[in-house]
Amino acid sequence: MTELGLPEDILACLFDLDGVVTKTAVVHAAAWKETFDALLREREGDGFRPFDAVADYDEYVDGLPRADGVRTFLASRGIELPEGTPGDPPDAPTVHGVGNRKNDLLLDKIRTGGVEAYDSTLRYIEAARAQGLRTAIVSSSANCRDVLRAIGAEDLFDVRVDGVVAAERGLPGKPHPDTFLAAARDLGVEARQAAVFEDALAGMDAGRAGSFGYVVGLDRAGQAEALYAHGADRVVRDLAELGGKE
C-alpha cells in the first residue's frame with residue numbers, strides 16, 4: 001500500500017461530493033424530510049409516518065439522482081406519482097415536481113447556512129495530486145459545480161461528472177457504475193486503476209459493480225458494517241486515517 005493507503009497500481013481517485021468532500025449530506029437529508037413530510041401530511045393527514053432523516057435517507061435517497069430518490073422513497077410507502085418533466089414547477093404533483101421542490105429547499109438552506117468542507121478530505125486530495133494521482137468529482141447533484149466553487153475546491157479536480165453531465169450523456173446514476181466509469185475514462189485510466197471514495201451505500205454498490213481497483217467507504221453515519229456489505233474494501237471515519245497528511 002502507498003502512503004495514501006491505496007494499492008500501488010491506483011492511478012486515479014474518484015470522489016463523491018456530499019458526505020465525502022462536503023458536509024452537505026445532513027442538509028440534503030433535512031431538505032428531503034421537509035419535502036416528503038409535507039407530501040405525506042397532505043395525503044395522509046396529521047397521523048402520517050414522517051420521513052426518517054437517517055434510516056429513510058440512507059436506504060432510499062442517499063447517493064441517488066434526485067428523481068430516483070423520489071421514486072424509491074415513495075414506492076416504499078406505496079405511493080406512485082406521474083413522472084412529469086424536469087421543468088415541472090416545485091408545486092407540481094409529479095416525481096420531478098417533488099424533486100424540484102426538494103432542490104429549491106436545499107439551495108435555500110445552502111444560501112442561508114453556507115457550505116462546509118471536510119478539511120481532511122481536501123488535504124487528502126491535495127496529497128494525492130502532489131503524488132501524481134488524477135482526481136475526479138462524481139456526484140448525482142446538479143449543484144455540484146456551485147458547491148465546489150463555494151468551498152474553493154473546483155481546481156482540485158481534473159474531471160467533473162455530476163448530475164448535469166450525467167443528463168447530457170444519458171448516464172444512469174448510482175447504484176449503477178456508469179458515472180464513475182465515465183470519470184475514469186475521462187481521466188484516461190481503467191476502472192481497476194481507480195479508487196472510489198463514497199459515503200453512500202448506493203456508491204458502494206456502484207464501486208463494486210464497476211470493478212474498481214479499490215473502494216473506500218466513509219462512515220459518516222455509523223454504518224461501517226453496511227458499507228462493507230455493499231462492497232467497500234476499507235471503511236474509515238475520516239480520510240486522515242488513510243494517510244497523505246503532509
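This write-up is about the structure you can find in this document. The structure presented is a predicted model; accordingly, all values stated were derived computationally and were not measured.

Details of the packing of aromatic side chains
Phase 1: Applying the stated criterion across every chain, the model contains 10 aromatic pairs.
Phase 2: Seen from their ring centres, phenylalanine 15 and phenylalanine 157 are 6.3 Å apart, and the 65 degrees between their planes marks the pair as edge-to-face. Here the residue phenylalanine 15 occupies a position in strand S1 (residues 12–15), and phenylalanine 157 occupies one in the loop between helix H6 (144–150) and strand S3 (159–161), the gap between them amounting to 142 residues.
Phase 3: Residue classification places phenylalanine 15 among the buried residues on the basis of a relative accessible area of 0%.
Phase 4: Judged by relative accessible area, which is 10%, phenylalanine 157 ranks as buried.
Phase 5: With a centroid separation of 5.1 Å and an interplanar angle of 10 degrees, the aromatic rings of tryptophan 32 and phenylalanine 36 are classed as stacked. One end of the pair, tryptophan 32, and the other, phenylalanine 36, are both in helix H1 (residues 25–44), 4 residues apart, so they sit about a helical turn from each other. The two residues tryptophan 32 and phenylalanine 36 agree in class, both being buried.
Phase 6: One aromatic cluster is present, formed by Trp32, Phe36, Phe51, Tyr60 and Phe73 through successive ring pairs.
Phase 7: A cation over an aromatic ring shows up here: arginine 220 above the ring of tyrosine 118, its NZ or CZ 3.6 Å from the ring centre.

Observations concerning the packing of helix H3 (residues 66–76) against helix H4 (residues 95–113)
Phase 1: Following both chains from N to C, one finds H3 and H4 inclined at 115 degrees, their axes separated by 9 Å at the closest point. Here H3 is positioned roughly perpendicular relative to H4, judged by the angle of their axes. Between H3 and H4 lies a crossing whose hand is right-handed. Across from Arg66, Ala67, Val70 and Arg71 in H3, the residues of H4 making contact are Val95, His96, Val98, Gly99, Asn100 and Asn103.
Phase 2: A class-by-class count of the residues in the contact of H3 with H4 yields 4 nonpolar, 4 polar and 2 charged.

Some words on the nonpolar core
Phase 1: With 35 residues, the main nonpolar core has Leu6, Phe15, Val21, Phe197 and Leu239 as its most contacted residues.
Phase 2: Elements that contribute at least two residues to this core include exactly S1, H1, H4, helix H5 (119–130), H6, strand S4 (194–198) and strand S5 (214–218).
Phase 3: At 5 residues, the largest contribution of residues to this core is made by H5.
Phase 4: With 26 residues, the next largest nonpolar core counts Val159, Ala166, Met204 and Phe212 among its residues.

As for the pattern of salt bridges
Phase 1: Overall, the coordinates contain 15 salt bridges when judged by the stated rule.
Phase 2: Taking the shortest distance from any N to any O, the salt bridge between lysine 109 and glutamate 34 comes out at 3.3 Å. With lysine 109 in helix H4 and glutamate 34 in helix H1, this residue pair connects regions lying 75 residues apart in the sequence.
Phase 3: Overall, the relative accessible area of 40% leaves glutamate 34 in the partly exposed class.
Phase 4: Connected via shared salt-bridge partners are Asp16, Lys174 and Glu198.

A look at the pairing of S5
Phase 1: Counting buried positions along S5 yields 5 of 5 residues, so the element is predominantly enclosed.
Phase 2: Burial along S5 is two-sided: Tyr214, Val216 and Leu218 facing one way and Val215 and Gly217 facing the other are all buried.
Phase 3: Sheet topology note: the S4/S5 ladder contains 4 bridges and is parallel. Across the sheet, residue glutamate 198 finds its bridge partner in S5, namely glycine 217.

Details of the layout of surface pockets
Phase 1: Considering only enclosed or pocket space, the largest pocket measures out at about 720 Å³ in volume.
Phase 2: As for the largest pocket, its lining consists of 38 residues, of which Pro65, Arg66, Ala67, Ser140 and Gly163 are closest to the centre.
Phase 3: When contributions to the lining of the largest pocket are tallied by element, the ones reaching two or more residues are H1, helix H2 (55–61), H3, H4 and helix H7 (163–169).
Phase 4: Counting residues per element, the lining of the largest pocket draws most heavily on H4, at 7 residues.
Phase 5: In terms of residue class, the lining of the largest pocket is made up of 15 nonpolar, 13 polar and 10 charged.

Quick notes on the rules
Residues numbered from 1 in each chain as written. Predicted model: local features only at pLDDT ≥ 70, side-chain atom pairs only at ≥ 80, totals over all residues. Heavy atoms only, no water. Phe/Tyr/Trp six-rings, centres within 6.5 Å; stacked < 30°, edge-to-face > 60°. Helix = DSSP H or I, 4+ residues; strand = E, 2+ residues; numbered from the N terminus. Buried < 20%, exposed > 50% of the residue type's maximum accessible area, 1.4 Å probe, protein only. Lys NZ or Arg CZ within 6 Å of the ring centre and 35° of its normal. Axes fitted to C-alpha atoms, helices over the stretch in contact; angles between N-to-C directions. Parallel < 35°, antiparallel > 145°, perpendicular 65-115°, else oblique. Left-handed = near helix turned anticlockwise from the far one by under 90°. Contact = heavy atoms within 4.5 Å. Nonpolar A, V, L, I, M, F, W, Y, C, P; charged D, E, K, R; others polar. Core = buried A, V, L, I, M, F, W, Y, C linked by side-chain atoms within 4.5 Å. Salt bridge = Lys/Arg side-chain N within 4 Å of Asp/Glu carboxyl O. Pairing = 2+ DSSP bridges. 1 Å grid on protein atoms, 1.4 Å probe; cavity = no way out; pocket = protein on both sides within 12 Å on 5 of 7 lines; lining within 4 Å. Points joined across faces, edges and corners; volume = space filled by probe spheres on them.

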